[in-house]
Amino acid sequence: MTVHAAPIVLDFEDGIDRKVLKRLRDRFLVVNRQRWQRALSALTYRQQIVLELLPLVFHRNHPALPGYQHGNCPEGFAGYTPDDRVLGAARRHARSFHYRDKGVQKPDLDSLFLMGSPGTLGHSVTSDLDVWLCHREDLPEAGIQRLEHKADSLARWAEDYGVELHVFVFSAADWRAGRQRAEVTGENCGSAQHYLLLDEFYRTSIHLAGQYPLWWLIPVEYEHDYDRCRRQLLDCRFIRAGDYIDFGPVPEIPREELPGAGIWQLYKGIDAPWKAILKLLLIECYGVDRDTPLLAARFKQAVHHGVICADALDPYLLLYQRLELWLLTQDAPERLELVRRSLYLKAGLPLSRAGTTGGQWRTELLRSLVADWGWDSDDIAELDDRQRWRAEDVVALRRTVVAELTHSYRLLSGMAREQGTRAAISPADVSLLGRKLFAAFQRKAGKIELINPGLVPSLVEENLSFHHRSEHREQADGWLLYRDLEDPSDAFWQPVIRRAGNLTELVVWCYCNGLLSRSTRLNVRSGRTVATVHELREILEALESFLPLPLSSATGKALSRPVRPLRNLLLLNVAADPQAHLTGKGLHKLSARTDSLGFSGARENLVLTIDQITLNSWHEVSLQHYASGDTLVQCLKNVLAQAAANPGALPEIRVSSSGRGHGQATARRVRDLFADVLRHFFAGGSGPHPLRYLIEMDQRFFLLQFHGAEPSFMAVDGGSGLLEVLGQPQEEYLPVVPDRYALQDDPALRAVCQASQEGCVQVFWCTQGGRVRLWVVDEHGSFWFREAQASQPRQLLSPLLRFLERLDERRQLRQAEPLDFRTAVRCYELVCREGRWLAEVRPDLAAGLLARGLEVQAVGVQQGEGGLRFDIYCNEQEFTVQEYGDQLIPAVAHYIRSLRQSREPYPVYLSDLHLPNDLGPQLYQRDIQTSQYLRYRASLEDALNRHLQ
């Protein structure tokens, strides 16, 4: 029942009575005392010492008290004398403590206040204590820093009692000037909500020590003339200046402050929505309804009019009443119901378990509210039993909460854009807080939706059943999630918790949302798949290591930067058996060829499916499923794209696989492959570096490379197809880096790839079984290959080196700089030593093989649609396309045959070749690569030699 006293009316025009002012102050102190007792009663007996000692530890910097600072630490409140309760608490803390009044002439501290939810309906055991410590205006900076150190020390001391304490140190003059030492981090809110915070302070604060708020004495109707009234009270000595502290008036909330304050509440509401929803709606109400007085003004007016009952003046009750009135005028019953739920859940009082008679004041106040709302026992029990809520219930509530938070963000960000530079929050902070909102709630392809942002304590299930759709005689793939299915046949009548396209998606969703734990009993109906309960346990174990719960929110520093992947977990072959054709027969294949990407003589790829789980820097969890096509290379390409966005911080790669089908060996192979690829492309913390990474898998070759920052891959069948692709022109030097298991059947080619170097033309050869194999790696890393029957390598090397020498000479002469012989051809012989193929340099080989012979030169002529044709010169004998047309090659072959004394056929080789820059009708090349010359040379030589047979 509301307690009333006689109204107190102050008339600053006709005169003020000092006794009336004292009576008004004492009336506020009556309310203050009730709130202090309520705040104390909400703490456990052990925790109460924190609140009891706060005034004393700042009044006296004593070694026996908590937070003691060595040296000259500011201390002392004017007019403060600890009572017996405070001294008793001090002696409980330190029996040796004895209080002596020092008679401080000039106290360093003005006031101490507790503000926020303590002493209100919204206070709970998890609420923190926010304290304002106000020092005198002229306190030196060194003294302020000592007070801040003391505040930090007291916060650590309070932690030992399970109390979260935040002490904010500033002066009233700094507050009035907007110079408070607060930033938009941690528990501070900076200048983003100066007047809103002052409004909250005036209606929720509990005076602990020192000066009283001067604001108490200024009637609401004089708030617009606050400064004149303040001067009148002080100049005419109606009050002593040393008895009151002045934080200034709060007649209204400036529009430019609303966006920043609202977005700040939104930031906090993502993890703790109930209190934030109430404050967000109040900010929206303040912004829309500018005619209704603020809550602080309503509180002060009520006290002036004689209301001194703490129940009637409870800040959360006043807040609800304001929102109820506003939402009813807005015809928004759904939002009003959300406000009621938010207030009930913020209070944290389960009325259905609080008894029906007597009880604490918070219980009685809340019970009277829900009675006014028309809630019945079932409505209350539903909210009280949130620990029994199922995922479906939470999803429905989450939609409502997310819709409200999203509405608030869009409204507030729109207000910030309208206010522009006048808004009390920077665009960077708006973006930062918006990123946190969207990281928590935005839907994206593959993102795991978190359905419980602090809505209920737990969603863990005792029993979960995973059913493949083929169990229900459905043809489509996919999985269904049920609970409490003792009999699988009951699935036809039970509701489905969730559907997913693959098993991993269901398991990860259950894990991230807390449905699945080690104690959950599992059941699997695998249908056409090979999934087992043991496999689910293995996935759960991998997830617990990869993604420990609870998953914390991303830091402001991380949100201020572009999103990047932190780590990936690759789950291989979930619910799939890569050797099912053998497993079904009870067989297990053994092979000396252990590469899991080319296992056994059949070169089987044991990676069928991959589930890539990614945690990024904004703490979003996403999943991508690869089940068709070249799954491993597709996954590798996406990981490379992730890495290219931030080469200096490569994402961690973890790989897990079930035990079936050589699972552990396959996991190690994939882990090594990803590590090798990332190491080569991003060596030294930069990249992507220009190279082509060669993987041999499933009887095919894959070439990975970057085009700018975009990774791509090319699949090639067989060794001949690989050499053709490797011979294609490149815009820059691109070495070929073979994977550790690639080219095991062609170790000579592997040695060529490993020995290739930039800035030169390299010739490699080896002799095997009476045949000579030749490779040329040109200045851009393109390959040219030739194999022929020859008794000696010099039979192929001599004409080749002569051709390359002419080509290099012509290039040097075209350059403006002096001749540079450093790009001369380098020769290597491939030899096998101790089972390993090596490329050994033969530096003097070229000079010894450059013998004179028949000069056969070809000059390319571009004939438009007719393509590229050649004129050929043999020892200065000219054979032109214009003269011989299609009979050019036979004519040249006939001439060469006429020059030979022996009729025994042997091959002819071009000694020189000129190619035009426009090799194609739509292509112009300033510098034609060596490998291109060699391909045209080989084509002409083959044509000539066919006619010489």
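Residues numbered from 1 in each chain as written. Predicted model: local features only at pLDDT ≥ 70, side-chain atom pairs only at ≥ 80, totals over all residues. Heavy atoms only, no water.

The protein appears in an unreviewed UniProt entry as Class I adenylate cyclase from Marinobacter fuscus.

Peer 1: Outline the overall build of the protein, listing residues and values.
Peer 2: Of the regular secondary structure elements, the protein holds 29 helices and 27 strands. A globule of 949 residues ought to have a C-alpha radius of gyration of about 30 Å, yet the protein, at 41 Å, is considerably larger. Each of the three principal axes of the protein carries a C-alpha extent, and together these read 140 × 75 × 60 Å. Out of the 949 residues in the protein, the part that is buried amounts to 54%. Of the contacts made within the protein by residues no fewer than 6 positions apart, 68% connect residues no fewer than 24 positions apart. When the accessible area of the protein is evaluated, it comes to approximately 43,900 Å², of which 48% is carbon and sulfur surface. (Helix = DSSP H or I, 4+ residues; strand = E, 2+ residues; numbered from the N terminus. Rg over C-alpha atoms; globule rule 2.2 N^0.38 Å. Buried < 20%, exposed > 50% of the residue type's maximum accessible area, 1.4 Å probe, protein only. Contact = heavy atoms within 4.5 Å. Areas by Shrake-Rupley, 256 points an atom, 1.4 Å probe, with all protein chains shown as cover.)

Peer 1: Please give an account of the packing of helix α9 (residues 273-288) against helix α11 (residues 315-329) that cites residues and values.
Peer 2: Where α9 contacts α11, the two axes come as close as 10 Å, and the packing angle between them is 55 degrees. As far as their axial angle goes, α11 and α9 are oblique. As α9 runs across α11, the sense of the crossing is left-handed. Here Lys-275, Leu-278, Leu-281, Leu-282, Glu-284, Cys-285, Tyr-286 and Val-288 of α9 come into contact with α11, specifically with Tyr-316, Leu-319, Arg-322, Leu-323 and Trp-326. Looking at the contact of α9 with α11 residue by residue, the class counts come to 10 nonpolar, no polar and 3 charged. (Axes fitted to C-alpha atoms, helices over the stretch in contact; angles between N-to-C directions. Parallel < 35°, antiparallel > 145°, perpendicular 65-115°, else oblique. Left-handed = near helix turned anticlockwise from the far one by under 90°. Nonpolar A, V, L, I, M, F, W, Y, C, P; charged D, E, K, R; others polar.)

Peer 1: An account of the confidence of the model for the protein is needed here, citing residue identities and associated values.
Peer 2: Chain-level pLDDT for the protein is 87 on average; 92% of the residues reach the 70-or-more range. Confidence, read as mean pLDDT per element, is least for helix α20 (residues 580-583) in the protein (56) and greatest for strand β5 (residues 212-213) (97). Within the model, pLDDT remains below 50 along residues 182-191, and this stretch shows 23 contacts once partners closer than five positions in the same chain are excluded. Every residue in residues 584-588 is under pLDDT 50, and counting partners more than four places away or in other chains gives 2 contacts. (pLDDT = per-residue confidence, 0-100.)

Peer 1: Can you explain the sheet that holds strand β24 (residues 856-862)? Please cite residues and give values.
Peer 2: Hydrogen bonds between backbone groups are what pair the strands of a sheet, and the pairing can be parallel or antiparallel. With mixed pairing, the 4 strands of this open sheet are ordered in space as β26-β25-β24-β27. Across the chains shown, the open sheet's two edge strands, defined by having one partner strand only, are β26 (877-879) and β27 (912-914). For this sheet the average axis-to-axis angle between neighbouring strands, irrespective of direction, equals 20 degrees. Each of β24 and β27 is contacted by helix α25 (residues 794-814), which is oriented at about 40 degrees to β27, the strand it contacts most. (Pairing = 2+ DSSP bridges.)

Peer 1: Would you mind going over the packing of aromatic side chains in detail, with residue names and values included?
Peer 2: For the structure shown, the criterion picks out 29 aromatic pairs. With a centroid separation of 5.0 Å and 45 degrees between ring planes, the pair formed by Trp-132 and Trp-175 is classed as tilted. Remark: Trp-175 occurs in helix α5 (residues 172-176) and Trp-132 occurs in strand β2 (residues 129-135); sequence separation between them is 43 residues. Take Trp-132: its relative accessible area is 3%, and that puts it in the buried class. For Trp-175, a relative accessible area of 2% translates into the label buried. (Phe/Tyr/Trp six-rings, centres within 6.5 Å; stacked < 30°, edge-to-face > 60°.)

Peer 1: Provide a residue-level description of the pattern of salt bridges, including the pertinent values.
Peer 2: Under the criterion given, the structure shown has 48 salt bridges. For Lys-279, the salt bridge is made with Glu-200, and the minimal N-O distance between the two is 3.2 Å. A residue pair is termed long-range when its members are at least 10 positions apart, and Lys-279 in helix α9 and Glu-200 in helix α6 (residues 194-204) qualify at 79 residues. Owing to a relative accessible area of 11%, Glu-200 belongs among the buried residues under this scheme. Residues joined by salt bridges that share partners form a network here, namely Lys-106, Asp-108, Arg-136 and Asp-138. (Salt bridge = Lys/Arg side-chain N within 4 Å of Asp/Glu carboxyl O.)

Peer 1: A description of the nonpolar core should follow, citing residues and the corresponding values.
Peer 2: Residues Trp-132, Phe-247 and Phe-466 are the most contacted members of the largest nonpolar core, which totals 145 residues. Sequence-distant contacts of Phe-247, defined by excluding residues within four places in its chain, comprise Phe-113, Trp-132, Cys-134, Phe-170, Ala-172, Trp-175, Arg-176, Leu-198, Phe-201 and Tyr-202. Core analysis: the second largest hydrophobic core is formed by 45 residues, Leu-804, Val-856, Leu-868 and Leu-948 among them. (Core = buried A, V, L, I, M, F, W, Y, C linked by side-chain atoms within 4.5 Å.)

Peer 1: Lay out the packing of helix α21 (residues 631-645) against helix α22 (residues 663-681) with the relevant residues and their values.
Peer 2: Packing of α21 against α22 leaves a shortest axis separation of 11 Å and a crossing angle of 40 degrees. On the basis of the axis angle, α21 is oblique to α22. Pair α21 / α22 crosses with right-handed handedness. Packed against α21, whose contacting residues are Leu-632, Cys-635, Leu-636, Val-639, Leu-640 and Ala-643, the element α22 presents Val-670, Leu-673, Phe-674, Val-677, Leu-678 and Phe-681 at the interface. Residue composition of the contact of α21 with α22, grouped by class: 12 nonpolar, no polar and no charged.

Peer 1: Can you break down the sheet that holds strand β15 (residues 692-697) residue by residue, with the values?
Peer 2: The 4 strands lie next to each other as β17-β16-β15-β18, forming an open sheet whose pairing is mixed. At either margin of the open sheet sits one strand with a lone partner, and together these are β17 (710-717) and β18 (736-738). Within this sheet the neighbouring strands show an average axis-to-axis angle of 25 degrees, counted without direction. Both β15 and β18 contribute to a ladder of 3 bridges, which runs parallel. Looking across to β18, one finds that Arg-692 is bridged to Val-736.

Peer 1: Requested: an account of the pairing of strand β22 (residues 826-833), with residues and values cited.
Peer 2: Examined bridge by bridge, strand β19 (residues 762-768) and β22 share 4 bridges and lie parallel to one another. Note that in β22 the partner of Phe-764 across the bridge is Tyr-828.

Peer 1: For the pairing of strand β3 (residues 165-170), give the residues involved together with the corresponding values.
Peer 2: The element β3 is largely enclosed, with a buried count of 6 among its 6 residues. The side-chain alternation of β3 yields two buried faces, one formed by Leu-165, Val-167 and Val-169 and the other by His-166, Phe-168 and Phe-170. Here β2 runs beside β3; their pairing, made up of 6 bridges, is parallel. Looking across to β3, one finds that Asp-130 is bridged to His-166. Taking the sense of rotation as the criterion, the β-α-β connection linking β2, helix α4 (residues 141-159) and β3 turns out right-handed. (Right-handed = clockwise from strand over helix to strand, strands pointing away.)

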